[in-house]
Amino acid sequence: MPLQHLPADVGADAHFRDTSLPRKGLYDYIIIGGGTAGCVLASRLTEDPSISVLLLERGGVHDTFTMRCPLLSASYTQGKHPSVRWNSTPLTAANGRVLEILTGTVLGGASRFNAMLYTRGSAAQYDEWRRQGRIGWSYADLEPYFIKSESSLGASGDHHGSQGPWSNRDFDQFYFNSFPRAAKAAQDLGISYTEDANAPEGPCVSCAKLHVTMTPNGKRLSTFDAFLPPSIIKERQNLTICTNTLVTKLDFEVDDTQPVASGVFFKSYEPDVKQRTFYAKAKKEIIVCCGAIETPHLLLLSGIGEKDHLSEHGIKVIKDLPGVGRNLQDHVGVTLTYKVPLSDSFHSLESSLTRALTEFLNYVIRGRGLFTYPTVQVSIFAKSDNLGDDIEPSSEDSNREAFPDIEIMPIPHETTFVATQKSQGFFSFICVPLQPKSSGTVQLFSSNAHAHPKVDLGFLTHAADVEVLKKALRLAMKLGKKMRVNGYQMEDYLIPTGDSDEELDTFIRQGPRTTYHYASSCRMAPEHDSVPGVVDDELRVHGVSRLRIADASIFPDVVATHLQAPVVMVAEKCADILKQTWSTAK
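Everything in this summary refers to the structure shown in the same document. Note that the structure is predicted; figures quoted are calculated from it, not measured.

Right, let's get into the overall build of the protein chain. Check the secondary structure of the protein chain and you find 16 helices and 26 strands. Over its C-alpha atoms the protein chain spans a radius of gyration of 23 Å, differing by no more than 12% from the 25 Å that the globule rule assigns to 586 residues. Summarising its shape, the C-alpha atoms of the protein chain cover approximately 75 × 55 × 50 Å along the three principal directions. Taking all 586 residues of the protein chain together, 62% fall into the buried category. A sequence separation of at least 24 residues applies to 72% of the contacts in the protein chain between residues at least 6 apart.

Written out as structure tokens, the structure is:
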């Protein structure tokens, strides 16, 4: 079976919606979005050969050397890249700054070009979801799904998996001196060092070595590569993958009580007004896995959302659901930048052709060296309410008891894209409030499915986030000072003029950045919650039958970590929910 199908191969003519003879366009499940979650879900559902699945992805395969190389694939700001980018609305709390919105257009989604970090988050946050009423979402409920997908090549313990398709590993040594220097500075400030950021009994406040999703021979391991390798695609005749395909809206039937999701309309992703639209019907359910930007966008285009907003764009209201797109969260970042020796940063590859070629050949021949290394090898986690006047942590809580609200990422390059000195090395601390109170929105720009949605990131609109960032910056500045005291050569480049509240506030609002951790825009919560929910505890869209969501948009609040592993967990859990639901329905 070919990997890539065209819309005409998998759907019926939308004008007739005839999926009866010859059974063209009729499937048990339709998954919209072949990204980080969609590939996992498609793989798990098709383990049963009697189940047919259609996976629709707007991007392509992009099975290239560049996309397999950890360092090159992460360079999504340069050259041709399988993603789409557009501007956010101006940030009202950050001097009208406009940031870039980025979403993937490739099978595997962001797992094909992200930082590869495998971090689950603290057990305490999932237990907090359970206390809020989310049945089945405590850490004890979710740990089996983390374990199921994982093949840990480094960390061990009962909380790690060894039989899953998705491997992760750490590195025995640090490539740049800045990493151990930052770790030593953190320890000097009383922050313990841990080898396993994912240990549920590990320290909440820590400098943690990070694991990355890579193969033993140094290749990036996306969810597409792990869960849908060529052997599975070739073997499973019950899986149909249609790439370069844009789903324009969902189709619904109406029973006596509520709308029922029955099918999808789709066409080629290439914008052409003469394109034909095709239709596919789901015998069981439709699952949307488009991510926290595009999932609410598709729901709105399909008539699910706040009724007045839909009416403004001439869209028929299928379900008045105000929570759709309303609670968009992301981890805002503010960066401190220092000058360091050129040889001690990734910028050495830009200024030295000899070093770049040496490292490249080391990677091609041996699968080792700088081209395999992640941009982040350790990260520092802290709790703002445990930072005293001296900005030194005092918490002894474990991940089981509490979860951090600050992350400081040491990165051996300049991350604000303003440096112009090609022969200079740079080192950065990206400071992030992990439990933001601010939120934004995803809304329609127009009823045209090809148009990007209007995205307001809402950064810094809640004063509490600014206060947390001030503490994070003070801690990062203290780490930098300690690194210099310990003998590391670094010079201020882009840092606040001082550490007063006013100086830090100015610095924060001048240069916030996204970390692309979009989440919670279709949150799992009651429909009429204080922050309205979109899905229930089994990921069903409120008031619509046979429609579920499985991606980062369903998090009740953005997980206080990097989101790749939690998204895979959601997909694993969704697959189990569907299997259980329909085995009972037989």
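This part takes up helix α6 (residues 139-149). Within α6, burial applies to Y139, L142, E143, Y145, F146 and S149. Seen end-on, α6 carries its buried residues on one side only, within an arc spanning 165°.

Before going further, it helps to examine unusual backbone geometry. Residues other than glycine seldom take positive phi values, yet N244 does so here, at roughly 50°. Within the fold, N244 resides in the loop between β12 (239-242) and β13 (245-254). Residue class for N244 comes out partly exposed when judged on its relative accessible area of 33%. If you check the backbone angles, L539 has positive phi at about 70° while not being a glycine.

Once that is clear, we can look at the pairing of strand β10 (residues 206-209). Neither face of β10 is left uncovered, since the one carrying S206 and A208 and the one carrying C207 and K209 both have all their residues buried. The pairing of strand β9 (residues 193-194) with β10 spans 2 bridges and is parallel. Pairing of T194 across the sheet is with A208, part of β10. Where β10 lies against strand β19 (residues 378-382), 4 bridges are found, and the strand directions are antiparallel. The residue bridging K209 from the neighbouring strand is V378, located in β19.

Okay, the nonpolar core next. Grouped together as the largest cluster of nonpolar side chains are 91 residues, with contacts concentrated most on I30, L228, V264, L547 and F555. By residue number, the principal contributor to this core is helix α16 (residues 564-585), which donates 10 residues. If sequence neighbours within four positions are ignored, V264 has contacts with I30, I32, L56, V247, K249, L250, D251, F278, Y279, A280 and I286.

Here we take up empty space enclosed by the protein. Taken as a whole and assessed by the stated rule, the structure comprises 4 cavities of 30 Å³ or more. Looking at the largest cavity, its volume works out to about 140 Å³. Lining the largest cavity are 15 residues; nearest its centre among them are S122, A197, F381, N399 and P404.

Procedures and definitions
Residues numbered from 1 in each chain as written. Predicted model: local features only at pLDDT ≥ 70, side-chain atom pairs only at ≥ 80, totals over all residues. Heavy atoms only, no water. Helix = DSSP H or I, 4+ residues; strand = E, 2+ residues; numbered from the N terminus. Rg over C-alpha atoms; globule rule 2.2 N^0.38 Å. Buried < 20%, exposed > 50% of the residue type's maximum accessible area, 1.4 Å probe, protein only. Contact = heavy atoms within 4.5 Å. Arc of directions from axis to C-beta. Pairing = 2+ DSSP bridges. Core = buried A, V, L, I, M, F, W, Y, C linked by side-chain atoms within 4.5 Å. 1 Å grid on protein atoms, 1.4 Å probe; cavity = no way out; pocket = protein on both sides within 12 Å on 5 of 7 lines; lining within 4 Å. Points joined across faces, edges and corners; volume = space filled by probe spheres on them.

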